[in-house]
Amino acid sequence: MALGTMAAPAQAAAADPVGLCGSGYSVIDSHKFQSVPGTVYLLYSASAGKNCVVTIRNTAGKAAYMEAGLQVQGGATQYDSGSFTAYAGPVRLAAGGKCVKWGGMLGSDESWTSGWSHCG
């Protein structure tokens, strides 16, 4: 690089939901937010017997309120919420033989929660 020139910073890529949840997890569902650029993902690991939820911004940026949540029917509920630059989560819970509600929030503009789904 010559003196007096600077490379433009690369735009941060979106985080990978499988990388965040861990080895053995696969995406089984997702929901794109309508008014903000991001997606909430539901993943499952057969070997661990657990579901995982992450909310990911399309591009990392200034910290904003985000949330990822998972509830097992008749069981536990877990959330990760706060001011994050790229993603909220992962949250993981065992849900063998039960339905789950999952969802997330990105900024103050939009939140989304599924109905009871992915039973079994």
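## Quick look at the pairing of strand β5 (residues 77-84)
Part 1 of the reasoning: Of the pairings in the sheet, the one linking strand β4 (residues 64-72) to β5 comprises eight bridges and is antiparallel in character. Looking at β5, one finds that Y65 is bridged to S83.
Part 2 of the reasoning: Counting the residues in the hairpin turn of β4 and β5 gives four residues, including G74, whose phi is positive at 70°.

## Focus on the confidence of the model for the protein chain
Part 1 of the reasoning: Mean pLDDT for the protein chain: 89, with 89% of residues reaching 70 or above.
Part 2 of the reasoning: Long-range and interchain partners of residues 1-12, a stretch whose pLDDT sits below 50, account for five contacts in this model, where long-range means more than four residues apart.

## As for unusual backbone geometry
Part 1 of the reasoning: Looking along the chain, the bond that leaves G89 and enters P90 is cis, with omega of 5°.
Part 2 of the reasoning: For P90, the position within the fold is in strand β6 (residues 87-94).
Part 3 of the reasoning: Even without being glycine, H118 reaches a positive phi, approximately 50°.
Part 4 of the reasoning: As for its position among the elements, H118 is in the segment after β8 (110-113).

## Some details on the nonpolar core
The tendency in soluble globular proteins is for nonpolar side chains to be buried as a group.
Part 1 of the reasoning: Among the nonpolar cores identified, the biggest contains 16 residues, and L42, V53, L70, V100 and W102 are the most heavily contacted of them.
Part 2 of the reasoning: Elements supplying a minimum of two residues to this core: β2 (38-45), β4, β6 and β7 (100-106).
Part 3 of the reasoning: Broken down by element, this core gets its largest block of residues, four residues, from β4.
Part 4 of the reasoning: Of all hydrophobic cores here, the second largest spans seven residues; its members include L20, C21, Y25 and V54.

Rules of the game
- Residues numbered from 1 in each chain as written.
- Predicted model: local features only at pLDDT ≥ 70, side-chain atom pairs only at ≥ 80, totals over all residues.
- Heavy atoms only, no water.
- Pairing = 2+ DSSP bridges.
- Helix = DSSP H or I, 4+ residues; strand = E, 2+ residues; numbered from the N terminus.
- pLDDT = per-residue confidence, 0-100.
- Contact = heavy atoms within 4.5 Å.
- Core = buried A, V, L, I, M, F, W, Y, C linked by side-chain atoms within 4.5 Å.
- Buried < 20%, exposed > 50% of the residue type's maximum accessible area, 1.4 Å probe, protein only.

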